[in-house]
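Chain by chain, the residues run as shown.
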Amino acid sequence: VMLFHGGRVLQAIEGRRVDLDRLMARLRADLRHTDLNILATLPIEARRFEHPMSLCGLSPVSVERRLNGRSLSEITAAEAEDMLASCIVAPAAAA
């Protein structure tokens, strides 16, 4: 899940360490990507985000409320995970 807000992108990226390292090297070498900030690198038992490239549907007002005057670059890893997790709609709720 990716969240765009205030000219910044927040994204959880999950996978094997070797794949993540390779991806981050490509992103750092790509001039379109600036100010990359890794909030956490933690081992996980299972993927939490099934479709990591899907866009978050939180409204700008909802994001602003959660940020409480801060930018995306100022939130903690736990806040970022919580915000991205709130983008996920359970199948029953989507119906």
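Preceding block: the structure.
All residue numbers here refer to positions counted from 1 along the written sequence of the relevant chain. Per-residue local features of the predicted model are confined to residues with pLDDT of at least 70, and side-chain atom pairs are confined, for both listing and counting, to 80 or more; whole-chain, interface and lining totals are unaffected and use all residues. Note: side-chain values were computed over all heavy atoms of the structure, leaving out hydrogens and water.

Draft legend 1. Fine view of the overall build of the protein. Counting its regular elements, the protein contains 4 helices and 2 strands. Under the DSSP-based scheme used, a helix requires at least four consecutive residues in state H or I and a strand at least two consecutive residues in state E, with every element numbered from the N terminus. Seen in sequence order, the protein has helices and strands lined up from the N terminus as β-β-α-α-α-α. Each principal axis of the C-alpha atoms in the protein carries an extent, and together these give about 35 × 30 × 20 Å. Only heavy atoms enter the contact rule, under which two residues are in contact if any of them lie within 4.5 Å. Counting only contacts in the protein whose residues sit at least 6 apart along the sequence, the fraction spanning at least 24 positions is 70%. Approximately 7,100 Å² of the protein is accessible, and the part contributed by carbon and sulfur atoms is 55%. Asp and Glu are treated as the negative residues and Lys and Arg as the positive ones, with His and the ends of the chain left uncounted. A single reference atom marks each charge: NZ on Lys, CZ on Arg, CG on Asp, CD on Glu. Separation of charge centres in the protein, based on 12 positive and 12 negative side chains, amounts to 4 Å. Areas reported as accessible are Shrake-Rupley estimates using a 1.4 Å probe. Residue values count occlusion only from the protein chains shown.

Draft legend 2. Structural detail: the pairing of strand 2 (residues 8-11). Alignment of strand 1 (residues 2-5) against strand 2, held across 4 bridges, turns out to be antiparallel. From the neighbouring strand, leucine 3 faces strand 2, where its bridge partner is leucine 10. DSSP-based pairing: two strands are paired if at least 2 bridges between them are found. Between the antiparallel neighbours strand 1 and strand 2 lie 2 residues, among them glycine 6 with a positive phi of about 60°.

Draft legend 3. Geometry of helix 2 (residues 60-67). Only protein chains enter the accessibility calculation, which uses a 1.4 Å probe; a residue whose area is less than 20% of its type maximum is buried, one above 50% is exposed, and one in between is partly exposed. Those residues of helix 2 that fall on the buried side of the exposure criterion are Ser62, Val63 and Leu67. Looking down the long axis of helix 2, one finds its buried residues gathered within 130° of arc, a one-sided arrangement. Along helix 2, exposed side chains directed more than 90 degrees from the buried face belong to Val61 and Arg65. Those residues of helix 2 that are buried lie in contact with strand 1 and helix 3 (77-85). Phi turns positive one or two residues past the end of helix 2, at asparagine 68, with a value near 50°. Directions are taken from the helix axis to each C-beta atom, and the arc is the one they span.

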